[in-house]
Amino acid sequence: MCGRPTYLVDRAVHLWRWPAVSIEAINWALNKAPIPTDRKDASSLASVLIGLANHADPDGRNAFPSVDRLTRYTRLSERTVRTSLDRLEELKLITPASQTVVAAHVPRGDRRPKNWNLALHRVQPPHPADQHRVQSSPNEVQGLPSRGAATAPETSFNHQRKHPSREHAPEGARSRAADPCGQCDARPTDPISARVIWLDTERNRSTLCPRCHPNVSTEGNR
């Protein structure tokens, strides 16, 4: 390296330009990659696959992050990351790709990570809960649901209060209840049952008002 300090070479290896982040590849790794859910290592496989997708192009090709980088992405051990890569290859979710692209970015052959292609064409059947979701972009990345309901439900205080005695009472009955006859001591707000004529000054005995109660005999004293 023409006498260039070793630490500069090491730093250049970690600062090579990565391809642009692929939404298509990440969406596939997150939502569509057919990783068996009954496997004990399913979460490790998914984490490593998402890390690879973060470095793939829109077609899922040329993903070559180092094992060290995948370890930092996933918080897994180096052994677990390497094992997960082997398992993903066995599941045919990733396949080895040409190292030519890697050589263009990493000059030192002993530091070149392995290049992978992601099998974006392999997808799992949609989950029943996903059939009712609406995709908001051509890349099928799930958008956030809009807040609020399309039609707000009617609140309890908007319900019209029902008064059967007022709604179903005949018009004539409401008029008689609202207009005292003048013979009794009733007030306009008193119900018909309270319209009486007192028979003594102490107001211990009373009888129903014959005008307010035309169908009641005056002999019905209480």
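To be clear, the structure that these remarks concern was listed above.
None of these values were measured; they are calculated from a predicted model.

**Thoughts on the overall build of the protein**
And then number 1: On a plain count of helices and strands, the protein comes out with eight helices and four strands.
And then number 2: Sorting the 222 residues of the protein into buried and exposed places 26% on the buried side.
And then number 3: Long-range pairs, those at least 24 residues apart, make up 50% of the contacts in the protein between residues at least 6 apart in sequence.

**What about the nonpolar core?**
And then number 1: Grouped together as the largest cluster of nonpolar side chains are 22 residues, with contacts concentrated most on Leu49, Leu52, Leu85, Ile94 and Leu118.
And then number 2: For this core, the secondary structure elements donating two or more residues are helix 2 (23-32), helix 3 (42-53), helix 4 (67-74), helix 5 (78-90) and strand 2 (116-118).
And then number 3: At six residues, the largest contribution of residues to this core is made by helix 3.
And then number 4: Residues Cys184, Ile197, Cys209 and Cys212 belong to the second largest nonpolar core, which totals five residues.

**So, the pattern of salt bridges**
And then number 1: Evaluated as defined, the whole model comprises seven salt bridges.
And then number 2: Two residues, Arg39 and Asp41, come together in a salt bridge whose shortest N-O distance is 2.8 Å.
And then number 3: A salt bridge links Asp110 to Arg108, with the shortest nitrogen-to-oxygen separation between them at 2.8 Å.
And then number 4: Taking the relative accessible area as the measure of exposure, Arg108 reaches 25% and is therefore partly exposed.

**Observations concerning the environment of Tyr73**
And then number 1: Among the structural elements, Tyr73 can be located in helix 4.
And then number 2: Look at Tyr73 and you get partly exposed, because its relative accessible area is 31%.
And then number 3: What Tyr73 contacts, discounting residues up to four positions off in sequence, is Gly51, Asn54 and His55.
And then number 4: Here Asn54 takes part through its side chain, which lies 3.3 Å from a polar atom of the side chain of Tyr73.

**Quick look at the packing of helix 4 against helix 5**
And then number 1: The N-to-C vectors of helix 4 and helix 5 enclose an angle of 105°; their axes lie 9 Å apart at closest approach. Relative to helix 5, helix 4 is oriented roughly perpendicular. Side by side, helix 4 and helix 5 meet where Val67, Leu70, Thr71 and Thr74 of the first sit next to Glu78, Val81, Arg82 and Leu85 of the second.
And then number 2: Among the residues making up the contact of helix 4 with helix 5, the classes are represented as four nonpolar, two polar and two charged.

Parameters at a glance
- Every residue gets a number counted from 1 within its own chain, in the order that chain's sequence is written.
- Residues qualify for local features only when their pLDDT is at least 70, as the model is predicted, and side-chain atom pairs are given and counted only at 80 or more; totals for whole chains, interfaces and linings, by contrast, use all residues.
- Computation of side-chain values: all heavy atoms of the structure, hydrogens and water removed.
- Only DSSP runs of H or I covering at least 4 residues are called helices, and only runs of E covering at least 2 are called strands; the numbering of each starts at the N terminus.
- Think of it in three bands: with a 1.4 Å probe and only protein chains considered, a residue is buried below 20% of the maximum accessible area for its type, exposed above 50%, and partly exposed in between.
- We call two residues in contact when some of their heavy atoms are within 4.5 Å.
- Within this scheme, the nonpolar core is defined by two criteria: the residues are buried Ala, Val, Leu, Ile, Met, Phe, Trp, Tyr or Cys, and they are joined through side-chain atoms within 4.5 Å.
- Definition used for salt bridges: Asp or Glu carboxyl oxygen within 4 Å of a side-chain nitrogen of Lys or Arg.
- Polar contacts here mean pairs of N or O atoms no more than 3.5 Å apart (in protein, one a potential hydrogen donor and the other a potential acceptor; neighbouring residues in sequence count only if both atoms are side-chain atoms).
- Lines fitted to C-alpha atoms define the axes here, with helix axes fitted over just the stretch in contact, and angles between the N-to-C directions of these axes take values from 0 to 180 degrees.
- Every angle not falling under 35 degrees, over 145, or within 65 to 115 is termed oblique; those three ranges are roughly parallel, roughly antiparallel and roughly perpendicular.
- Lys, Arg, Asp and Glu make up the charged group, whereas Ala, Val, Leu, Ile, Met, Phe, Trp, Tyr, Cys and Pro make up the nonpolar group; the residues left over, Gly among them, are polar.

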